[in-house]
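Remarks on the overall topology
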Amino acid sequence: MTRLFAAVVAVLAAVAALIAVAPELLSPYLVNSAGQLAAFALLAVSLDLIWGYAGILSLGHGLYFAIGGYVVAMHLLKHGLAVTGRVPDFMQFMGWSEFPFYWAGFESFPYAAGLTVVLTLAMSGLFGFVSFRSRVGGVYFSIITQALVYVAMLLMFRNDTGFGGNNGMTGFSVIFGRDMADPFVSRMLAIGSIVILIAALLLCRRLVTSRVGRLVVACRDDEARLRSLGYGTLRLKLGIWCLSAVLAAVAGFLYVPQVGIINPRLLSPDVSLEIAVWVAIGGRGALSGAVIGAILVNGVKFWLSARAPELWPFILSGLVVLVVMAFPNGLLDLGRLRPRALKFLRPARGT
Amino acid sequence: MIRPLLLCLVVLCAVLRAQPATALDRDAVVASACGPATAAAEAGRMIIDGVAQASADDLVWARQLIASALDRSLACPGGAAPLLSLRNRAAFETIAAELTLLAAPDPTARAGALKSLGRRPELVPAGVLDRAAAQEQDTALKAALAEFAALADLGSPDLARRGRAVARVADTPSTRAATQLAALTNDPAYRADAGFRATVDDAITRVGRGLMIGRVLATLYNGASFASILFMSAVGLAVIFGLMGVINLAQGEFIMIGAYGTWLVQQGLHAAAPGLAVWYLPIAVIPVFLATAGIGVLLEVGLVRHLYRRPLMSLLATWAVSLFLVNLVRVVFGTQNLQFDTPFYVQGGIAVIGDFIITWNRLFAIGFAALSLAGTWALLRHTPFGLSVRATTQNREMAACIGIATRQVDMLAFGLGSGLAGLAGLALSPLYNVNPQMGTNFVVDSFMVVVLGGVAALEGTVLAALGIGQLNVLVEPFYGAVAAKVIVLLLTIMFLQWRPEGLFALQGRRR
Amino acid sequence: MIAIDVAGLNVRFGAFRAITDLSLTIDYGEVHAIIGPNGAGKTTLLDVISGLTRPVSGRVTLDGARELTRLSDTAIARAGVRRKFQKPSVFMALSVGENLEIGGLGDASLIDETARLIGLADQLQRPAGTLSHGQKQWLEIGMVLAARPRVLMLDEPVAGLTDGETDLTAELIATLRGPDRAIVVVEHDMDFVERIADRVTVLHEGRTLFEGAMADARQDRQVIDVYLGR
Ligand SMILES: Nc1ncnc2c1ncn2[C@@H]1O[C@H](COP(=O)(O)OP(=O)(O)OP(=O)(O)O)[C@@H](O)[C@H]1O
Ligand SMILES: [Mg+2]
């Protein structure tokens, strides 16, 4: 696993370096895709941290991803207005001449970046606190997170909230004062995303191999035991939960400038569930697995969306069933060829 | 053709004038009608004044007379009838409508007449209305007549009669009654007569109260019908979760399949037995239940069975199934809403109070859920299968040790839960839009029902479904559907602070 | 000196009374056995002391000062009251060393000594999931010991162990005994109890039936009737 982890980091670094030194080898589409995939991989890592290591499955991580995405979109629109004077579409659509008060300050990048973290910590902290305090766990926790993201989607679909409603936000023209259509900007965004992904991977790796990481695993396997040994598991779970949420928000913050649009469909429960699918396919409980899963699944999806998009749901559901039934540890099983992975080839026996 | 016939009739009638039961002086009427304008007006008055005593024959005769006078086919003794003055024409038209109301054999003609009179109710003489009300047989028309009479009385110059009418209007509170009464407060009589004013004020408060009660009842009723759907979808979730610790994310799709199955049955009946097509809802019950239960059993055997020790993975697996089903239906049937017939038994309803109408379509859903509840309860409490389900829920290992085939129990329970969700789809088809994505509208609320109600007892599911159903309907008119969902979710999370295991916790050791 | 003082304890699960008006003390320096038929309420008593179950009424005091029924399970563990569960529960995904490290609240210096005590010194790297049943029982005792608790509660430490392993466990408990440590053992193995216990309390249907030396308990009519004789 350590070797695999090192290999993944090395490949990521190589791709970033390639984009930096020899951009002419890669088409702009490829560069942009690489950047988006890095953001998805970061999102998968964030979910793996909480699901693979802490055993808490969030089916609502799209919420934090969208917080980052919406905040950066607001920043880009405000920044665009300041530089080019372009009024955001949704303002024209709603017939508003002024931004709602909570849009104040968004032209500043540090404010937006800071707000992403603060807002995510506040939301995830509050939700995590009330859930973990009352020992809501397992499937209950998962479906409540799903309900949360669903409700958030309904809220954002409303046009009067001042976040673009149904159509979301798009038409980002400048970033850091530079034209977003400039290939240099898109390269920088891709490299930035990959570098941040690598940093997050290294950070998470340190965490999971540390004492705290072992406590997290212990908590997953037997929380009551850990408590009776004198550990406050609330703080432990809350900490890892909030860290995971922040990583997801950072992923959204990186993703939206590269894809150029955000709308409430990002908050659909299906999107959040797909994140779990990437992790399950890549291999839960291994950071490298999450990265591989996210890149592989989304790579196929990108490729297919140009050819036969209507096939994708069928392929995805087939993949999930295959992984869940035959490869409980995802592709990592394939790599190790555990005997269990091939169980489905043998006649099933009662357990 | 008609002309000579009428002529004969008029002559014949004149000959028979000595008939004893006849209170109408037909000769005099004919004479006036054939006379100058003032006399013609007198003819109309004679007919109307005589309405109360006139025989049925008289009315038929008079109706024909007026009709012929209007289309100038009346044959007068002295030749053709004179041209009606504009004023008389209007008066005769009203009289024609009144006589149609009294004497036309066809109820739709009578209803039409009443409608045309409705523009100036106070101009219709009380005698006409009284007689019409007394002899009318058609129930719908009778009700309309009573309402019409009340309306006519409201404008009556006789204050006592008016007061009684006001009181009668207040007896059936409705938004219309409220507007009518409110209009009376601008009437000169309201200002002039203290007694009348008191009557009107009292009536307004009574109507207001009635409307209020109606609103409350209507909200409760709508909430109950939503809760019915939730219950049918959630009871399966709860039983399965209790048994296997698995939440079936495809439950919403079973609702959808149930609705599509109902539609298929409807189409099939249209093609094969059009006479029975109107009964497609009851006919679909068994095939829909069996089909959805069958798919549920397949899902359990093929997938869920292998995952009940890995509940989080089972979330992913059942989600994949739901994704598959939604897209399959989308490819096969398209994304648009399905068109359902609305048979008479789910059409309309009975007005109770205020604007509250017990609509049959909602009652259908509620009754359906009540039956499912009774059936499920009986099954779980009073059959060997139910005992096995409860035993396995409490302690799977122990149940297996004493010889319960827990795998079979799982399978059947899964089938039962899916079948009930399918029936929810059937029950909601007269109420909600049916399309491939419809499942998502119910599924989050159903989950919350399971979280709130717990898995230990059916009572929990019923209470939680009612609570969440009512809350949705209660909040929606004020703050919108989204706010309703937000509030349901927040209350659920808060509730879990107090009772993490839901309303009814399973008794037993956790570790 | 009294370590744990249980007074007037009542525990109910719904309408079922698991413990009724129970009072008992556990002293420093002693090994106190709690025995009784299945369902007598032994585990429930340990659950109350360790904060997993809240009583309907009654008090549990540590060192005559701290009221335990109001503290969380974590806080009670931190106060030095540790317990081994009836069902062996070690962290299967972690190694023996990591399990002991967690048990000792992160104090690595105690790992080696504890491992020697429980006879697993040469297995520190081994994943706990691969240990034998007896080794898991010992590892769990080790985890509980690692933080040097003042009150040590062992729920059925020799259930499912071979005779040899039972002897080793008895020796282990003997070495753990000390003037500033109270040890509570719940067991069904009477010979084992007789070897290690200074005092036994016999519970029956949530009430105290007998308290005194094991040898006397074996002579007691009532105890024979409800438990030993069966
Ligand atoms: N959480 C709970 N809910 C309901 N009943 C419980 C719970 N915990 C324990 N009980 C009941 O309380 C009684 C006492 O149980 P306890 O586990 O304390 O017995 P015990 O003396 O430890 O028995 P054993 O020797 O079998 O371990 C039993 O009848 C048990 O079923
Ligand atoms: Mg016990």
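Remember, it's a predicted structure, so these values are computed and weren't measured experimentally.

Calculation notes
Residues numbered from 1 in each chain as written. Chains lettered and ligands numbered in written order. Predicted model: local features only at pLDDT ≥ 70, side-chain atom pairs only at ≥ 80, totals over all residues. Heavy atoms only, no water. Helix = DSSP H or I, 4+ residues; strand = E, 2+ residues; numbered from the N terminus. Buried < 20%, exposed > 50% of the residue type's maximum accessible area, 1.4 Å probe, protein only. Pairing = 2+ DSSP bridges. Contact = heavy atoms within 4.5 Å. Axes fitted to C-alpha atoms, helices over the stretch in contact; angles between N-to-C directions. Buried area = accessible area lost by both parts, 1.4 Å probe. Salt bridge = Lys/Arg side-chain N within 4 Å of Asp/Glu carboxyl O. Polar contact = N/O pair within 3.5 Å; in protein donor to acceptor, adjacent residues only side chain to side chain. Nonpolar A, V, L, I, M, F, W, Y, C, P; charged D, E, K, R; others polar. Domains from an automatic or database assignment.

Residues and elements named next belong to chain B. Within the secondary structure, Ala 111 sits in helix H6 (residues 107–117). Looking at Ala 111, the relative accessible area reads 31%, which means it is partly exposed. Put simply, Ala 111 and Ala 167 are 56 residues apart on the chain and 25 Å apart in space, counted from C-alpha to C-alpha.

Residues and elements named next belong to chain C. A sheet is described by the order of its strands in space; here 4 strands give the open sequence E2-E1-E4-E5, paired in antiparallel fashion. The open sheet terminates on both sides in strands that have one partner only, identified here as strand E2 (16–27) and strand E5 (66–67). Note that strand E4 (residues 57–62) and E5 share 2 bridges and pair antiparallel. Among the inter-strand pairings, Leu 62 is bridged to a residue of E5, identified as Arg 66. Where helix H1 (residues 42–49) meets the sheet, it contacts strand E1 (2–13), E2 and E4, and its direction lies at approximately 115 degrees from that of E1.

Where interface size is given, it is often the accessible area lost as the parts come together that is meant. Across the contact, 23 residues belong to chain C and 17 residues belong to chain A. Interface area lost by chain C to chain A is led by Thr 74, Phe 91 and Ile 102 of chain C, which between them contribute 31%. At the junction of chain C with chain A, the criterion picks out 4 salt bridges. Where Glu 98 of chain C meets Arg 214 of chain A, a salt bridge forms, and the shortest distance between an N and an O atom there is 3.7 Å. Viewed at the interface, chain A and chain C are joined by 10 residue pairs in polar contact (both at pLDDT 80 or more). For the side of chain C that touches chain A, the secondary structure elements donating two or more residues are helix H2 (73–78), strand E6 (81–84), helix H3 (96–103) and helix H5 (133–145) of chain C. Among the residues forming the side of chain C that touches chain A, the class breakdown is 10 nonpolar, 5 polar and 8 charged.

Attention now goes to the domain arrangement of chain B. All names here are of chain B. According to the domain assignment, chain B contains domain 1 (18–103), domain 2 (106–192) and domain 3 (223–445). Measuring from the centre of the C-alpha atoms in domain 1 to the corresponding centre in domain 2 gives 25 Å. For the pair domain 1 and domain 2, the summed buried surface comes to about 1,100 Å²; carbon and sulfur atoms form 73% of the total. Its largest share of buried area at the contact with domain 2, domain 1 owes to Glu 98, Leu 101 and Leu 102, together 54% of the area lost on that side. Across the contact surface, domain 1 and domain 2 share 0 salt bridges. On inspection of domain 1 and its partner domain 2, the count reaches 1 residue pair in polar contact (both at pLDDT 80 or more). Broken down by secondary-structure element, the contributors of at least two residues to the side of domain 1 that touches domain 2 are helix H4 (56–70) and helix H5 (86–103). Per element, the largest residue contribution to the side of domain 1 that touches domain 2 is 6 residues, and it comes from H5. For the side of domain 1 that touches domain 2, a count of residues per class yields 9 nonpolar, 4 polar and 1 charged.

For the rest of this paragraph, the subject is the sheet that holds strand E9 (residues 199–204) of chain C. Residues and elements named next belong to chain C. Taken together, the 6 strands give an open sheet; going across it, the order is E6-E7-E8-E3-E9-E10, and neighbouring strands pair in mixed fashion. The outermost strands of the open sheet, each flanked by one partner alone, are E6 and strand E10 (207–212). Ignoring strand direction, the axes of neighbouring strands in this sheet form an average angle of 20 degrees. Bridge analysis of E6 against strand E7 (residues 151–155) gives 4 bridges, and the strand direction is parallel. Bridge pairing in E7 places Val 81 opposite Val 151. Here H5 sits on the sheet and contacts E6 and E7; the angle it forms with E6, its principal contact strand, is near 175 degrees.

Contacts between chain B and chain A engage 41 residues on the former and 45 residues on the latter. Counting the surface chain B buries against chain A, the share from its top three residues, Leu 312, Leu 316 and Trp 319 of chain B, is 17%. Linking chain B with chain A are 0 salt bridges, by the criterion used here. Remark: the boundary between chain B and chain A carries 5 residue pairs in polar contact (both at pLDDT 80 or more). Among the secondary structure elements, those contributing two or more residues to the side of chain B that touches chain A are helix H15 (311–333), helix H20 (439–453) and helix H21 (458–498) of chain B. It is H15 of chain B that contributes the most residues to the side of chain B that touches chain A, 13 residues altogether. Looking at the side of chain B that touches chain A residue by residue, the classes come out as 29 nonpolar, 8 polar and 4 charged.

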